[in-house]
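Results of the structural survey
Single-letter residue listing:
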Amino acid sequence: MAVFNTVEYLRPALESISRQTYSDFELIVVDDGSNDGSTELLRSYASIEPRMLLIARNNLGLVATRNELLAAATGEFVAWMDSDDLSLPDRLSLQVEAFAADDRLVCLGGVAQCIDPEGNFLNIERYPLIHEEILVEQQKGGAMRFATTMMRRQVALAVGGFRGSFKVGEDFDFLLRLSEIGKMANLATTLYLYRQHLSSACGVFGSNWGAYRDQILDLARERREHGRDRLENGHTLEVVAGESRDGRLSASEKYSSWALHALQNGNRRIAWKHAKAAVRLCPTRLYALKTALRVLLNVKRDA
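Please read these numbers as outputs of a predicted model, since none were measured by experiment. (Residues numbered from 1 in each chain as written. Predicted model: local features only at pLDDT ≥ 70, side-chain atom pairs only at ≥ 80, totals over all residues. Heavy atoms only, no water.)

Topic: helix H4 (residues 91-101)
In plain terms, the rule: The rule is simple: take the accessible area with a 1.4 Å probe, protein chains only, and divide by the maximum for that residue type; under 20% is buried, over 50% is exposed, in between is partly exposed. Think of it this way: any DSSP run of H or I at least four residues long counts as a helix, any run of E at least two long counts as a strand, and we number them from the N terminus. The contact rule is simple, with two residues in contact once any of their heavy atoms fall within 4.5 Å.
Looking at H4, one finds that the buried residues are Arg 91, Leu 92, Ser 93, Gln 95, Val 96, Ala 98 and Phe 99. In this structure, the buried side of H4 is in contact with strand E4 (77-79), strand E5 (86-87), strand E6 (105-115), strand E8 (150-152) and strand E9 (183-195).

Some points on the nonpolar core
Here is the rule: We define a nonpolar core as any set of buried Ala, Val, Leu, Ile, Met, Phe, Trp, Tyr and Cys residues linked to one another through side-chain atoms lying within 4.5 Å.
Ranked by size, the top nonpolar core spans 38 residues in total, and within it Met 1, Leu 10, Leu 14, Leu 27, Val 29, Leu 42 and Met 52 carry the most contacts. Beyond its immediate stretch of four places on either side in the chain, Leu 14 contacts Met 1, Leu 27, Val 29, Leu 41, Leu 42, Tyr 45 and Met 52. Residues Val 78, Val 155, Leu 178 and Met 184 belong to the second largest nonpolar core, which totals 24 residues.

A look at the layout of surface pockets
Going by this rule: Lining residues are defined by having an atom within 4 Å of a point belonging to a cavity or pocket. Those points lie on a 1 Å grid over the protein atoms alone, cavities being sets where a 1.4 Å probe fits but cannot get out and pockets being open sets with protein on both sides within 12 Å along at least five of seven lines. Grid points are joined across faces, edges and corners, and a volume is the space filled by probe spheres set on the points. Side-chain classes follow a simple rule in which Ala, Val, Leu, Ile, Met, Phe, Trp, Tyr, Cys and Pro form the nonpolar group, Asp, Glu, Lys and Arg form the charged group, and the remainder, Gly included, forms the polar group.
Roughly 550 Å³ of internal volume is contained in the second largest pocket. Along the wall of the second largest pocket there are 23 residues; nearest its centre are Phe 25, Glu 26, Phe 77, Val 78 and Ala 79. Of the residues belonging to the lining of the second largest pocket, the class tally is 17 nonpolar, two polar and four charged.

Regarding the pattern of salt bridges
The criterion, for reference: Criterion for a salt bridge: a side-chain nitrogen of Lys or Arg within 4 Å of a carboxyl oxygen of Asp or Glu.
In the structure shown here, the tally under the stated rule is 21 salt bridges. A salt bridge links Lys 273 to Glu 118; its shortest N-O distance comes to 3.2 Å. Separated by 155 residues along the polypeptide, Lys 273 in helix H11 (residues 268-281) and Glu 118 in the loop between E6 and strand E7 (121-125) bring together distant segments of the chain. Among the residues examined, Glu 118 registers a relative accessible area of 52% and is labelled exposed. Salt bridges here are not isolated pairs; linked through shared partners, they connect Arg 163, Asp 173, Arg 177, Glu 180, Arg 223 and Asp 229.

Concerning unusual backbone geometry
Positive phi is not limited to glycine here, since Asn 5 has a value of about 55°. Inspection of the secondary structure assignment puts Asn 5 in the loop between strand E1 (2-3) and helix H1 (7-18). The phi angle at Ala 143 is positive, at roughly 100°, despite the residue not being glycine. Within the secondary structure layout, Ala 143 lies in the loop between helix H5 (131-138) and E8.

Regarding the environment of Arg 230
Positionally, Arg 230 belongs in the loop between helix H9 (209-226) and helix H10 (247-264). The class for Arg 230 is buried, based on a relative accessible area of 18%. Put simply, Arg 230 and Met 184 are 46 residues apart on the chain and 25 Å apart in space, counted from C-alpha to C-alpha. Residue contacts for Arg 230: discarding those within four places in its chain leaves Gln 215, Asp 218, Leu 219, Glu 222, His 235, Thr 236 and Leu 237.

Overview of H9
For the record, the criterion: A helix is expected to span 1.5 Å for every residue after the first.
Between its first and last C-alpha atoms H9 spans 26 Å; for 18 residues at 1.5 Å apiece the expected length is 26 Å, and the two agree. Among the residues of H9, those classed as buried are Tyr 212, Gln 215, Ile 216, Leu 217, Leu 219, Ala 220, Glu 222 and Arg 223. Buried positions along H9 lie against H5 and helix H7 (170-179). Within two residues after H9, Gly 227 carries a phi angle of roughly 85°, on the positive side.

Structure, rendered in structure tokens:
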């Protein structure tokens, strides 16, 4: 678990691991220079959770933190966990069972239930189950939710861990390289509650995802054609990021998305809450007004 300034969600994330039905694990946490109280909470939790190893240091960024976590691990398998999310109780046991049943498997993910900042259900992310379908979906920038994955540690080390100066997408690049040397799969079972909030990495850097995705897929093409890509040859990754967006506009779009996802999940009360927030932030934006109208019509129809 990599941690950076997620104190609001951190204790439930830690507890979701402590409460796993599979108990033979080590919880390795690297605190990447948090300054919001996360460090103190982690130290307190480590004092009561004997299976937890805490490494606290200055901020080095997510790529360095993920590699430090990978280097510190000693088990046969490594499962990843974001510090603002929740793993469901049977997550580790189901994944370990799947690895025990298939010695060709190198990486396994599963279904993620998206939740809003307060934990209300939004949409469900389902991914292809078998390796061949995962390879196809990866070419669109998807196929697995990284935080749901468990992998064989030796294979993760063999592909070189995480790399590059990615603001987003370091996990996608890593999964692509894993898929080139071994079997990937997803369980059809919900393993994970994936929290959406405005300060998450996806919320902050998500508008640049397309540029990073395209570069990462281009690196994969280079490996297929030449056996190595430019990063492996010592070059740097140059990504032209999009212009910075107005924070209120980005937040309004995110609230609109949550509203529509909650509506899709049948949670009209939460949908209306997020739709109102979207309009309140950007009252003249057509998408926000259309979202609010759509939710309101559904609420009145079922009244």
